[in-house]
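The chain contents come next:
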Amino acid sequence: MHPKPIPPKPGQESVWEYPRPPRLEDTGKHIQIVFNGVTIVDTRRAKRVLETSHPPVYYIPPEDIQQEYLVKSPRTTFCEWKGRGAYYSLAVGDKRVDDIAWYYPEPTPAFAAIKNYVAFYPAPMDACYVEGEKVEPQPGQFYGGWITSDIVGPFKGVAGSWGW
């Protein structure tokens, strides 16, 4: 079963028009992440990865992250496009979430521009914002996409999407 893409309205993007393999692009959009009442990310220098059926994943330059809240994790994963991923946990005050952010210390050549840039799962955060709009997390526990009103699906991660 293949999903029926939602037609984008003017000013919107369809995740079904994103490429496979994924595309990496710069974005000047204002990205903010708040966790346990603290703004841990505030940047206009993010990069985003666009892949068919997935909302964008935003990668943040390390210098635009409050590094004192990141704790290296022993977890690693492998992405066929980007290479071996490493993880961070996040600890702010009395609140901690393990393996909440990932990065590529030695990415593949096509994704060299995101070396050590960090992506965050939005669901456990107080809020993630793109241009002041609060993000909706991509469905499913595995995915880290950020859904805003200018992105239409259906999105990978919804019930029944494993067969796509």
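Read on for a plain summary of the structure.

Calculation criteria
Residues numbered from 1 in each chain as written. Predicted model: local features only at pLDDT ≥ 70, side-chain atom pairs only at ≥ 80, totals over all residues. Heavy atoms only, no water. 1 Å grid on protein atoms, 1.4 Å probe; cavity = no way out; pocket = protein on both sides within 12 Å on 5 of 7 lines; lining within 4 Å. Points joined across faces, edges and corners; volume = space filled by probe spheres on them. Helix = DSSP H or I, 4+ residues; strand = E, 2+ residues; numbered from the N terminus. Nonpolar A, V, L, I, M, F, W, Y, C, P; charged D, E, K, R; others polar. Buried < 20%, exposed > 50% of the residue type's maximum accessible area, 1.4 Å probe, protein only. Contact = heavy atoms within 4.5 Å. Pairing = 2+ DSSP bridges. Axes fitted to C-alpha atoms, helices over the stretch in contact; angles between N-to-C directions. Core = buried A, V, L, I, M, F, W, Y, C linked by side-chain atoms within 4.5 Å.

What follows deals with the layout of surface pockets. By volume, the largest pocket amounts to about 700 Å³. Taken together, 30 residues make up the lining of the largest pocket; nearest its centre are Glu51, His54, Lys82, Phe142 and Tyr143. Where the lining of the largest pocket is concerned, the elements lending two or more residues are strand S5 (47-51), strand S6 (54-60), strand S7 (70-79) and strand S8 (83-92). For the lining of the largest pocket, a count of residues per class yields 15 nonpolar, 10 polar and five charged. A volume near 180 Å³ is recorded for the second largest pocket. Tyr121, Ala123, Pro124, Gly140 and Gln141 are the residues nearest the centre of the second largest pocket, which is lined by 13 residues in total.

With that settled, consider the side chain of His54. Take His54: it is sitting in strand S6. Taking the relative accessible area as the measure of exposure, His54 reaches 14% and is therefore buried. Not counting residues within four places of it along the chain, the set of residues in contact with His54 comprises Val15, Tyr18, Gln138, Tyr143 and Lys156.

Another aspect to go through is the sheet that holds strand S9 (residues 95-103). Here seven strands make up an open sheet; going across it, the order is S2-S5-S6-S10-S9-S8-S7 and the pairing antiparallel. The open sheet has two edge strands, strand S2 (23-26) and S7, and neither has a second partner. This sheet shows a mean twist of 35° between the axes of neighbouring strands, independent of strand direction. Inspection of the sheet shows S2 paired to S5 by four bridges, in the antiparallel sense. Along S5, the bridge assignment pairs Leu24 with Val49.

Before going further, it helps to spend a moment on the sheet that holds strand S4 (residues 38-43). The strands making up a sheet associate through hydrogen bonds between their backbones, and the pairing can be parallel or antiparallel. The strand order across the open sheet built from four strands is S4-S3-S11-S12, with neighbouring strands paired in antiparallel fashion. Of all strands in the sheet, those with a lone pairing partner are S4 and strand S12 (133-134), marking the two edges.

So, about the nonpolar core. Counting residues in each nonpolar core, the largest one holds 37 residues, and the members touching the most others are Tyr59 and Phe120. Listing elements by their share of this core, those giving two or more residues are strand S3 (31-35), S4, S6, S7, S8, S9, strand S10 (118-120) and strand S11 (127-130). Each residue touching Tyr59, except ones within four places of it in the same chain, is listed here: Ala46, Lys47, Val49, Lys82, Trp102, Tyr104, Ile114, Tyr117, Val118 and Ala119.

Turning our eyes to something else, we now look at unusual backbone geometry. For the bond from Arg20 to Pro21, the omega torsion is 5°, close enough to zero to count as cis. Tracing the backbone shows Pro21 in the loop between strand S1 (13-14) and S2. Geometrically, the link from Gly153 to Pro154 is a cis peptide bond, its omega value of 10° lying close to zero. Structurally, Pro154 is set in the segment after strand S15 (151-152). The residue Glu131 is not glycine, and still its phi comes out positive at about 55°. Of note, Glu131 is situated in the loop between S11 and S12. Take Glu131: its relative accessible area is 46%, and that puts it in the partly exposed class.

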